[in-house]
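# Commentary on secondary and tertiary structure
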Amino acid sequence: MLPLAYGLMARDARGAKTLKHVNASFVLKASLAINAALATIIAIHLHQDAAYWDTLEQTVQAERDARVQWEKHAAMVRTKSAQAVSAFSHAPDEHKETGASKQGENHAPCPRCEPCGDDDRPAQQPCPKHTERTPNVQAAAADGINGYAIAGTPLLRAGYESSSAMPEFKTYSPVFDPSSNNGLDFKVFVYELPDEFHVELKRQQKRCISDQYGTEIRIHEDLLKSPLRTLDPEEAEFFYVPWYGECFLFREEKRDHKNAISTTNKWFIRAVNFVKQEYPYFNRTLGRDHVFVFPGARGPHIFRDWKRHIRKSIFMTPEGDRSLGEQFNTWKDVIIPGLEADVELTSGKTRELDGERNQLAFFRGTIWNRGGSSYSRGIRIKMADALKGVTDVTFGEAEKSCDRACYRREMRRSVYCLCPRGWSPWTLRAYSAMMAGCIPVLLADEIEFPYENFLNWNALTVKIPEAQAEDVVQILRSIPQSVVEQKQAAIARVWKMVTWKHPAEPGDAFHTVMADLGLKRRLMKASTYTFWDHDHVKRSS
């Protein structure tokens, strides 16, 4: 029996070894098969990804080609237009009715001509009939400031020196009589979105009305009352989408901080889809002539998917820091002043108070933020240390002992109002300072201001590099009194341009922002999907 038992045990052992061998072989083959399948799937996906990226690159290249083509055409049109304007504006008045520049024997070439006829004026003076007429920024935006200069630097940039009349040459149609259209020659169509996107938020969040981000409400309300508004979208140059995004986000931050941005993103998408689905105008130019207000320092980034939906549209925003990426484009976007709602400032009452400006500089605001030295890049902390003991400078945080009236008085009696950057370059302080007659001192390297196309901010402010923040007192004391007085006089001429009057009035922030918007019009509205332009009105010639 013993040998038989040993034989059975040996056979069982061999069977177990064989079974193990079979199982190992099966696992190996299955593993190889799975790996091969995975490799095939990956190869398919890589091929599809490559095709996707190739298609995307082709689309992007088509966009670039269309842009280059449009820019070449626009440059040609601008050149010919400038030549036509020059020839016409230099012609004698009595010859303009015929469109000819018939120079008589007593008329030499203009604009800076030799003495004409019997006139014995010096040759360097222009002839009365031949004086150059330069197209200017809209009269409502710059009335009363033409030709003003600071230390040889004009307040208005070249090409906008005169503000006596609207440009004589209109290149867009339909053209509207500027005298009955806030001094401008275009119309704006305001979409009628559901109340959840605007008035409902205003009712729920009263803070949004007077907050510095309240421009999203003010612009909407001013447009509804403005002669710029048209009820006929076919005659509009611009399409305004009224949404109160910062106000919505403020509400959602209180309701559910963790998901506020996600909820706000979905809210924005609903608004965009409404515009696209209920009206045909967005789709014809991919939104190039559509205007959206983003009144906070984050600009369009509170709309997480803005690049996917409205990247080509016009943004109105107070933040022009181009170092942040694509959120601001000087070619299409408009920088707007923040909303100062203090009536004592916006009415001009504060600047008119009696008393000398016997304090060199003033600042009250956050210095020690929980962000530490990251906040303000540490500039405010450095300035606080550097300005300790300087008796004619106030630099401190807000205090209960100094209420709003005290704050206004301190601005009023200061020559300079210090405006160091916060989390971002833009600041409401500069505009509030101008309303109080105080010269803004900017310590924000990337800051950009409204109306830089035509308004010279060097004539209105003092800009100090952030790296020299600790030297601010020495720098300010070195500025001659004559330059100080020139800057104060310049501010007195233009402070209303950064002031949101209520109701709006000619020359205020609303009208100047609209004038700046008018400068963003395109001669040709082009994209890879459409190519069209307005019927041109023939120029007078």
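That block above? That's the structure.
Residues numbered from 1 in each chain as written. Predicted model: local features only at pLDDT ≥ 70, side-chain atom pairs only at ≥ 80, totals over all residues. Heavy atoms only, no water.

## What about the packing of helix α6 (residues 245–255) against helix α7 (residues 260–278)?
Packing of α6 against α7 leaves a shortest axis separation of 9 Å and a crossing angle of 145°. Regarding α6 and α7, the two cross each other, and that crossing is right-handed. Facing α6, whose interface residues are G245, F248, L249, E252 and E253, α7 presents A260, I261, T263, T264, W267 and F268. Residue composition of the contact of α6 with α7, grouped by class: six nonpolar, three polar and two charged. (Axes fitted to C-alpha atoms, helices over the stretch in contact; angles between N-to-C directions. Helix = DSSP H or I, 4+ residues; strand = E, 2+ residues; numbered from the N terminus. Left-handed = near helix turned anticlockwise from the far one by under 90°. Contact = heavy atoms within 4.5 Å. Nonpolar A, V, L, I, M, F, W, Y, C, P; charged D, E, K, R; others polar.)

## Re the sheet that holds strand β7 (residues 314–317)
Read from one edge to the other, the open sheet built from six strands follows the order β4-β3-β5-β6-β7-β8, with strand pairing classed as parallel. With one partner strand each, in any of the chains shown, β4 (229–230) and β8 (334–335) form the two edges of the open sheet. Here two bridges tie β7 to β8, and the two strands are oriented parallel to one another. When the bridges of β8 are listed, T317 appears paired with I335. Lying on the sheet, helix α15 (residues 509–518) is in contact with β5 (238–240), β6 (290–293), β7 and β8; it crosses β7 at an angle near 150°. (Pairing = 2+ DSSP bridges.)

## Some details on the nonpolar core
By size, the foremost hydrophobic cluster in this structure holds 80 residues, and its most contacted members are M316, Y416, L418, L476 and M514. A total of six residues in this core trace back to one element, the largest contributor, which is α15. Not counting the four nearest positions on each side in its chain, M514 is found in contact with L184, F186, I219, L223, L228 and M316. Judged by nonpolar contacts, the second largest core, of 32 residues, contains W243, C247, F248 and I302. (Core = buried A, V, L, I, M, F, W, Y, C linked by side-chain atoms within 4.5 Å. Buried < 20%, exposed > 50% of the residue type's maximum accessible area, 1.4 Å probe, protein only.)

## Thoughts on the sheet that holds strand β9 (residues 359–364)
The strands that make up a sheet are held in pairs by hydrogen bonds between backbone atoms, and each pair lies either parallel or antiparallel. The five strands lie next to each other as β10-β9-β11-β12-β13, forming an open sheet whose pairing is parallel. Each edge of the open sheet carries a strand with a single partner, namely β10 (393–396) and β13 (462–463). Across three bridges, β9 lies against strand β11 (residues 414–420) in parallel orientation. Bridging across to β11, A361 finds its partner in Y416. Seen against the sheet, helix α10 (residues 379–386) touches β9, β10, β11 and β12 (439–443) and runs at an angle of roughly 140° to β11. Packing of helix α11 (residues 404–412) onto the sheet brings it into contact with β9, β10 and β11, and relative to β9 it is tilted by some 145°.

## Let's talk about the environment of E352
Note that E352 resides in the loop between α9 (343–346) and β9. Taking C-alpha positions, E352 is 8.2 Å from A436, a pair spaced 84 residues apart along the chain.

## What to know about the pairing of β9
Across the six residues that make up β9, a large majority, six, are buried. Taken together, the four bridges between β9 and β10 define a ladder with parallel strand orientation. In the sheet register, R364 faces β10, and the bridge partner there is G396. Handedness of the crossover joining β9 and β10 through α10: right-handed. (Right-handed = clockwise from strand over helix to strand, strands pointing away.)

## What about the pattern of salt bridges?
Summed over all chains, the structure comprises 18 salt bridges. Residue R404 pairs with E340 through a salt bridge whose shortest N-O separation is 3.2 Å. With a gap of 64 residues between them, R404 in helix α11 and E340 in the loop between β8 and α9 connect regions that are remote in the sequence. When salt bridges with common partners are traced through the structure, they connect E340, D342, R404 and R408 into a single cluster. (Salt bridge = Lys/Arg side-chain N within 4 Å of Asp/Glu carboxyl O.)

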